[in-house]
Amino acid sequence: MRKVVLGLGISLDGYIARPNGAVDFLFMPKDYSMAGFFATIDTAIMGRKTLDAARQMGGGDFSGGSSMASYVFSHTQPPGKREGVTFVNRSPTIFIQQLRKSPGKDIWLMGGGELARDFLKSDLIDELYLGIVPVLF
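Quick notes on the rules
- Residues numbered from 1 in each chain as written.
- Predicted model: local features only at pLDDT ≥ 70, side-chain atom pairs only at ≥ 80, totals over all residues.
- Heavy atoms only, no water.
- Helix = DSSP H or I, 4+ residues; strand = E, 2+ residues; numbered from the N terminus.
- Buried < 20%, exposed > 50% of the residue type's maximum accessible area, 1.4 Å probe, protein only.
- Pairing = 2+ DSSP bridges.
- Polar contact = N/O pair within 3.5 Å; in protein donor to acceptor, adjacent residues only side chain to side chain.
- Contact = heavy atoms within 4.5 Å.
- Salt bridge = Lys/Arg side-chain N within 4 Å of Asp/Glu carboxyl O.
- pLDDT = per-residue confidence, 0-100.

Draft legend 1. Just the environment of Val133, in detail. When you line up the elements, Val133 lands in strand S7 (residues 127-133). Separated by 34 residues in the primary sequence, Val133 and Leu99 place their C-alpha atoms 31 Å from one another.

So, in structure tokens, the structure goes:
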């Protein structure tokens, strides 16, 4: 069965963002590779705020023909596929139950905090993949 992996970068004191929501501290050293992790997944799930933050930082362009399916949970965007992502506004439990039935690799829950909390409360996380950044807030 496909696993849901919560993959996050966090500060030493356990934060995934600064108090103002900025994630500028989440940097990748040049010699660090996530290739091994990316080889195990083919689906990404995030919240709408995470998508907005990725786009502000110059990422989040999912229309380039990526082989990774990308789902965005949102209460404000209508459901459906556009701009390379599929917007979802239904129960995470029902969504994950259906997604696990389809063939594929593991599923990366990449954030943010509210969505991760909902998945944790519903016991939908099978594995944690944490990158700890040496900063304190």
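Draft legend 2. The pairing of strand S3 (residues 69-73), seen in detail. Within S3, 4 of the 5 residues are buried, which leaves the element mostly enclosed by the surrounding structure. Of the pairings in the sheet, the one linking strand S2 (residues 41-47) to S3 comprises 5 bridges and is parallel in character. Opposite Ile45, over in S3, you have Tyr71 as the bridge partner. Direction of pairing for S3 relative to strand S5 (residues 85-88): parallel, over a ladder of 3 bridges.

Draft legend 3. Structural detail: the side chain of Thr43. The topology assignment puts Thr43 in strand S2. At a separation of 3.0 Å, a polar atom in the side chain of Thr43 contacts the side chain of Asp42. What Thr43 contacts, discounting residues up to four positions off in sequence, is Arg2, Met68, Ala69, Tyr71, Leu99, Asp106, Ile107 and Trp108.

Draft legend 4. Highlighting the pattern of salt bridges. All told, the structure shown has 9 salt bridges when counted by the stated rule. With a shortest N-O distance of 3.9 Å, Asp106 and Lys3 are connected by a salt bridge. With Asp106 in strand S6 (residues 106-109) and Lys3 in the segment before strand S1 (4-11), this pair connects stretches of sequence that are 103 residues apart. Salt-bridge contacts for Lys3 lead to Glu127; the nearest nitrogen and oxygen are separated by 2.8 Å. Of the two residues, Lys3 is situated in the segment before S1 and Glu127 in strand S7; the sequence distance between them amounts to 124 residues. You can call Lys3 partly exposed: its relative accessible area is 31%. For Glu127, a relative accessible area of 33% puts it in the partly exposed group. A single network of salt bridges, built from pairs that share partners, joins Lys3, Asp106 and Glu127.

Draft legend 5. Expanded view of the confidence of the model for the chain. In this model, the chain carries an average pLDDT of 88, and 91% of its residues clear a pLDDT of 70 or more. Per-element averaging of pLDDT across the chain places helix H2 (residues 48-56) at the bottom with 84 and S6 at the top with 97.

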